Amino acid sequence: MIYFVIRRLLFAVVLLFVVSFFTYVLFTALPTNPAALTCGKNCTPEVIARNEVRLGYDQPIHVQYGRFLKGIFAGRTYGPEGASVHCPAPALGYSFEYHECVTDLITRTFPVTLSVAIGAFVLWMGIGVGLGTLAALRRGRWQDRFATTFSVVGISLPTFFFALLAILVIVIWGGLLDFPQYTGFTENPIKWFSGLLLPWATLAILSASTYVRLTRNGILEVMNEEFVRLGLAKGVKRRTLIIKYVMRAAMVPIVTIAGLDFAALLGGAVITESVFNLPGMGKLSIRAVTDSDLPVLVATTLVAAVLIVVANAVVDILYGFLDPRVREKV
Amino acid sequence: MRKRRAFAALLVASGLAIAACGGGDGGGTTGEESGGKSASSDGIVDGGTLHILDVSEGATNLDPQRIYTGADLGFLGSTIQRTLTSYKYAAGVEGSELVADLATDTGTASNDAKTWEFTLRDGVTFEDGSPIECKDIRYGVSRTWASDVTGDEGPLFALSFIDAPEDYPGPFTATEEQQAGFNEAIECSEDGKTITFNLRESVGDFNFTVALLAFGPVPEDQDTGDQYTLKPVSSGPFKIESYEQGKELVMVRNENWNKDSDPIREPHLDKIVWHFGLDETVIDERMIADEGDDQAAIVYGGIQPQNLQTIFGDDKFKDRRTDGFDGFVSYTMVNMKTVNCAEIRRAIWLALDRDALRTAGGGPFTGEYAKGFINPRLGADYEEADLPEGLNEDGTPNVEAAQAEMDKAKANPDCADAYKRATETGLTRDHADSELWQKLIAIWIDSMDKIGIKIIDNPIEPSKYYATINETPGDLMSAGWAADWNNASTVIPPLFIKDGGFAYNYTWEDPEYDAFKALVDEAKVETDREKQGDMWKELNQWLVDRVWNIPGLYTKTQNIVGSRVRNAYQWYQFGWYNVGAIGLTE
């Protein structure tokens, strides 16, 4: 087991290096020149050249990348002497768009995304697994038809459409909620909750639709397994059988997908954060793309990659708990 | 003066797309709407919080030496950043009147306007209560040279005008010798009350130049370099309480601002909250609904095209909506080296289907056909130029008149090369690449085809647009311009004079260039403002007659405010509201 974990960790580190390097390389291939983005009509070739020096893009890509790696372990100082800004380790860069150290930006925006993700995750798993289970157990009845319809509608609605519709109907026309905005949990838990209700609902309804189907199909499939029929024949109570054996077996693939979905969400719910104006990692990433803000782009990509890698590891461990056969293999 | 936000280049370049929409004069206009009751001061009660709704993720800049956007200059100038001179708090042309701000008057010129002197008022302070002195202004101006910090984002007039050492790198990395040289160019009196600018050339309106925030004071001991833009030190009636990009900027009253030292500003609000990163569709819906805090809200930006009909088609919005010029003139820059034939340039203008171009860009709300290069907002310098005979006022093409000009060009031996290039090789049409331009270029090609001119489409990646046309100009290029201050000296010289800054089209290749430049030089140093205005009008006519560029549109913008907002008049100088003057009703 220890060798397995070490092997996975080493692989994760290599993977993160590869991701960060390729993000750098891809960035240089973009047609946009970040050094020309802010100078407008002042953008003579001389001004752009000066800006390239200021932003550090005058150096070859491997030098830029080397400095980036060094900054992670040793910190970095940006700007000329007398007006310099120091970013302590782990320095993921300095954003000349935000005028802040990238690590500070990530630290500030991650709690927002985490808040969005946790609430949405709880909701969608609750709705998705609950409704999916109900649909499977009441197969062919109105509960099943309702769950299937919910699933089809949910999957068909684009996130931005549902989000805008929710704002229009619930906030603007209905006046039932204030316009969603992020307040820190420690600052005011009630405002935190009410401000995130609509974003949670938006993400949950859309994602729950997938989980309704997955859960329904998973349970129905397990219900047809021989061990279930054997249990029933031997007189095991239906409720015990479903909760203790069927659900446990059906949950294995769902946990896998849920773990990865949750990790992806932590990387930033781009559309939801944008429509509801939540200053999270999703918005940070999208602005980094539009502003050609390489340090932020690399950092958000890296953080998202770390989250996926960690989620994969967690899922593997959970697998072991849910399915003893996996434990034995490892 | 550039338009707005982080993508200044991109925005202007795409704004220029509309540039090509135009040329000419004429009909189909919407007129201007001033905002009705919301533009008046009726019922203002001191106090309250103004909300600003914005799609952007943050302010373009708050650092005074990096701000070069009309709306930002007005907003920050009226709230946190005072300058030696500023503009009158008034609607209409009156709002372009220069008034003394930190200085006791609008400055004294001597030495053929190569030396300008200003004396600071008593009692002017920063937000920490420390006095504003000459050295603070000199230090602020010196930051313009520090491209390693400011990124050349702000206006660079200081670099052109002030007689600083050629190699001065800004205050952060200057040697003692370099700094001493700079301090000779901007001198401070011993008592710190008088500042003297020594200029390289005569600048008759330098007192307008110093109204730019780039000439505002910065306390050296509180300069945080690149991060100064996150929390500049206030000298105005408000100060920054907090600023988080992607979320909000909060300004509260500056208790160390002394009304007795400020004859211009009359703040009514307690607080200003600028909300960033909102969805544009949501902003419009909120403003139309006008509920809760949105009744005390204004919008940074404009109304979405799809909502214009709702807002301008219903009288219930008449006291909340504005429709006006944003100060820009869009135009098509013509390469005078390759299209060195006035007849061909005139033919292009006459044959261009400006009506179709404007319709594709959004119709009359996008602007009115320009009658020259000077915006009507420049008042003293503006006069409708006489346009070429046959140019249709409604923007539709006059192919017959255009063909007649082409025939003249064909018969003129001086036009032989240009004629051959236009009809055989083809004219390269540079523009910033955009979805809109994919439609516009088809109209260009079709229009020119009718008079035998071939158009070669050359879309350029927006962020590289200006750098590209500066280095390798095509034959026809989109462009747009707004005056930096209320004087056509910031329009005609930069657009048409070699080294003026934005003349990418080889005007100096024209045989009449020397005569033109002599007239411009004369106008630049003329200190009688009325006389100077007449000179700019004549020069504008001169340019239209020779079609050195093809005028496009006086571009317009539409906006809406909440029902409790008052004094939300368009501040002509900056193309947006005078936020510092805004008040709220109960």
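Procedures and definitions
- Residues numbered from 1 in each chain as written.
- Chains lettered and ligands numbered in written order.
- Predicted model: local features only at pLDDT ≥ 70, side-chain atom pairs only at ≥ 80, totals over all residues.
- Heavy atoms only, no water.
- Pairing = 2+ DSSP bridges.
- Helix = DSSP H or I, 4+ residues; strand = E, 2+ residues; numbered from the N terminus.
- Axes fitted to C-alpha atoms, helices over the stretch in contact; angles between N-to-C directions.
- Contact = heavy atoms within 4.5 Å.
- Buried area = accessible area lost by both parts, 1.4 Å probe.
- Salt bridge = Lys/Arg side-chain N within 4 Å of Asp/Glu carboxyl O.
- Polar contact = N/O pair within 3.5 Å; in protein donor to acceptor, adjacent residues only side chain to side chain.
- Parallel < 35°, antiparallel > 145°, perpendicular 65-115°, else oblique.
- Left-handed = near helix turned anticlockwise from the far one by under 90°.
- Nonpolar A, V, L, I, M, F, W, Y, C, P; charged D, E, K, R; others polar.
- 1 Å grid on protein atoms, 1.4 Å probe; cavity = no way out; pocket = protein on both sides within 12 Å on 5 of 7 lines; lining within 4 Å.
- Points joined across faces, edges and corners; volume = space filled by probe spheres on them.
- Buried < 20%, exposed > 50% of the residue type's maximum accessible area, 1.4 Å probe, protein only.
- Arc of directions from axis to C-beta.
- Disulfide = S-S within 2.5 Å.
- Domains from an automatic or database assignment.
- Patch = residues over 30% accessible without salt bridge, like charges linked within 9 Å, V, L, I, M, F, W, Y side chains within 5 Å.
- Areas by Shrake-Rupley, 256 points an atom, 1.4 Å probe, with all protein chains shown as cover.

(A) Fine view of the sheet that holds strand 17 (residues 549-560) of chain B. Residues and elements named next belong to chain B. Taken in spatial order, the six strands make up an open sheet running 13-17-12-16-14-15, and their pairing is mixed. Strands at the two margins of the open sheet, each flanked by one partner only, are strand 13 (367-369) and strand 15 (455-460). Taking the axes of each pair of neighbouring strands and ignoring which way they run, one obtains an average angle of 30 degrees across the sheet. The pairing of strand 13 with strand 17 spans three bridges and is classified as antiparallel. Among the inter-strand pairings, Gly367 is bridged to a residue of strand 17, identified as Thr555.

(B) Local environment of the interface of chain A and chain B. At the interface, 44 residues of chain A touch 50 residues of chain B. Buried surface at the junction of chain A and chain B, both sides included, amounts to about 4000 Å², of which 56% is carbon and sulfur. One can count two salt bridges joining chain A with chain B. One salt bridge in this structure joins A:Arg108 and B:Glu244, with 3.4 Å as the shortest N-O distance. For the interface between chain A and chain B, the tally reads nine residue pairs in polar contact (both at pLDDT 80 or more). For the side of chain A that touches chain B, the elements supplying multiple residues, two or more each, are helix 2 (45-55), helix 6 (159-173), helix 10 (270-275) and helix 11 (281-290) of chain A. Counting residues per element, the side of chain A that touches chain B draws most heavily on helix 2 of chain A, at six residues.

(C) Quick look at the packing of helix 10 (residues 342-351) of chain B against helix 12 (residues 399-411) of chain B. All names here are of chain B. Axis separation between helix 10 and helix 12 bottoms out at 8 Å; the angle between their running directions is 165 degrees. If you check the angle between helix 10 and helix 12, you find them roughly antiparallel. You can see that helix 10 and helix 12 cross each other, and the crossing is left-handed. Where helix 10 approaches helix 12, its residues Glu343, Ile344, Arg346, Ala347, Leu350 and Ala351 are matched on the opposing element by Ala401, Ala402, Glu405, Met406, Lys408 and Ala409. Residue composition of the contact of helix 10 with helix 12, grouped by class: eight nonpolar, no polar and four charged.

(D) Representation of empty space enclosed by the protein. One pass over the structure, following the stated rule, counts four cavities of 30 Å³ or more. Taken as a whole, the largest cavity spans an internal volume of roughly 110 Å³. Residue lining of the largest cavity: 15 residues in total, with B:Tyr87, B:Ala211, B:Leu212, B:Leu213 and B:Phe574 positioned closest to the centre. Where the lining of the largest cavity is concerned, the elements lending two or more residues are helix 2 (70-79) and strand 2 (85-87) of chain B. Its boundaries defined by the atoms lining it, the second largest cavity holds a volume of some 70 Å³. Considering the residues around the second largest cavity, the lining is formed by A:Tyr98, A:Leu105, A:Arg108, A:Thr109, A:Pro279, A:Gly280, A:Lys283, A:Leu284, B:Glu57, B:Glu244, B:Gln245 and B:Gly246. Those elements that provide at least two residues to the lining of the second largest cavity are helix 4 (102-137) and helix 11 of chain A. Counting residues per element, the lining of the second largest cavity draws most heavily on helix 4 of chain A, at three residues. Here the lining of the second largest cavity is composed, by residue class, of four nonpolar, four polar and four charged.

(E) Molecular detail of helix 11 (residues 354-361) of chain B. Residue and element names in this part refer to chain B. For helix 11, the set of buried residues is Arg354, Leu357 and Arg358. Taken around the axis of helix 11, the buried residues stretch over an arc of 95 degrees, which confines them to a single face. Those residues of helix 11 that are buried lie in contact with helix 10, strand 13, helix 14 (435-449) and strand 17. Of the residues one or two after helix 11, Gly362 is the one with positive phi, at around 135 degrees.

(F) Region of interest: the state of the cysteines. All names here are of chain B. Counting across every chain of the model gives three disulfides over all chains. Two residues share a disulfide in this structure: Cys341 and Cys415, whose sulfurs sit 2.1 Å from each other. Around the S-S axis, the bridge from Cys341 to Cys415 shows a dihedral of about 85 degrees and counts as right-handed. Within this pair, whereas Cys341 is found in the loop between strand 12 (321-334) and helix 10, its partner Cys415 is found in the loop between helix 12 and helix 13 (416-425), the two being separated by 74 residues in sequence. A relative accessible area of 2% places Cys415 in the buried class. Within chain B, bonded cysteines paired by disulfides and numbered along the sequence follow the pattern 1-2, 3-4.

(G) Broad picture of the domain arrangement of chain A. Residues and elements named next belong to chain A. When its domains are assigned, chain A resolves into domain 1 (2-102) and domain 2 (104-329). Its C-alpha centre places domain 1 at a distance of 33 Å from the equivalent point of domain 2. With both chains or domains summed, domain 1 and domain 2 bury close to 2200 Å², and 69% of this area falls on carbon and sulfur atoms. Of all residues in domain 1, Leu16, Tyr98 and Val102 give up the largest surface area on contact with domain 2, accounting jointly for 27% of the area buried on that side. Across the contact surface, domain 1 and domain 2 share one salt bridge. Residue Arg108 pairs with Glu100 through a salt bridge whose shortest N-O separation is 2.7 Å. Looking at the side of domain 1 that touches domain 2, the elements with two or more residues in it are helix 1 (2-28), helix 3 (61-74), strand 3 (94-95) and strand 4 (100-101). It is helix 1 that contributes the most residues to the side of domain 1 that touches domain 2, 10 residues altogether. Residues belonging to the side of domain 1 that touches domain 2 are distributed by class as follows: 16 nonpolar, six polar and three charged.

(H) Structural detail: a nonpolar patch on the surface. Residues and elements named next belong to chain A. Together, Val13, Val14, Phe17, Val18, Phe21, Phe22 and Val25 line one region of the surface with nonpolar side chains, adding up to about 560 Å² of accessible area. For Val13, the position within the fold is in helix 1. For Val13, a relative accessible area of 43% translates into the label partly exposed.

(I) Structural context of unusual backbone geometry. All names here are of chain A. The amide bond that connects Ala89 to the next residue, Pro90, takes the cis arrangement and shows omega of -5 degrees. Checked against the element boundaries, Pro90 lands in the loop between strand 2 (85-87) and strand 3. With a phi angle near 60 degrees, His99 is a residue other than glycine that sits in the positive phi range. Its place among the elements puts His99 in the loop between strand 3 and strand 4.

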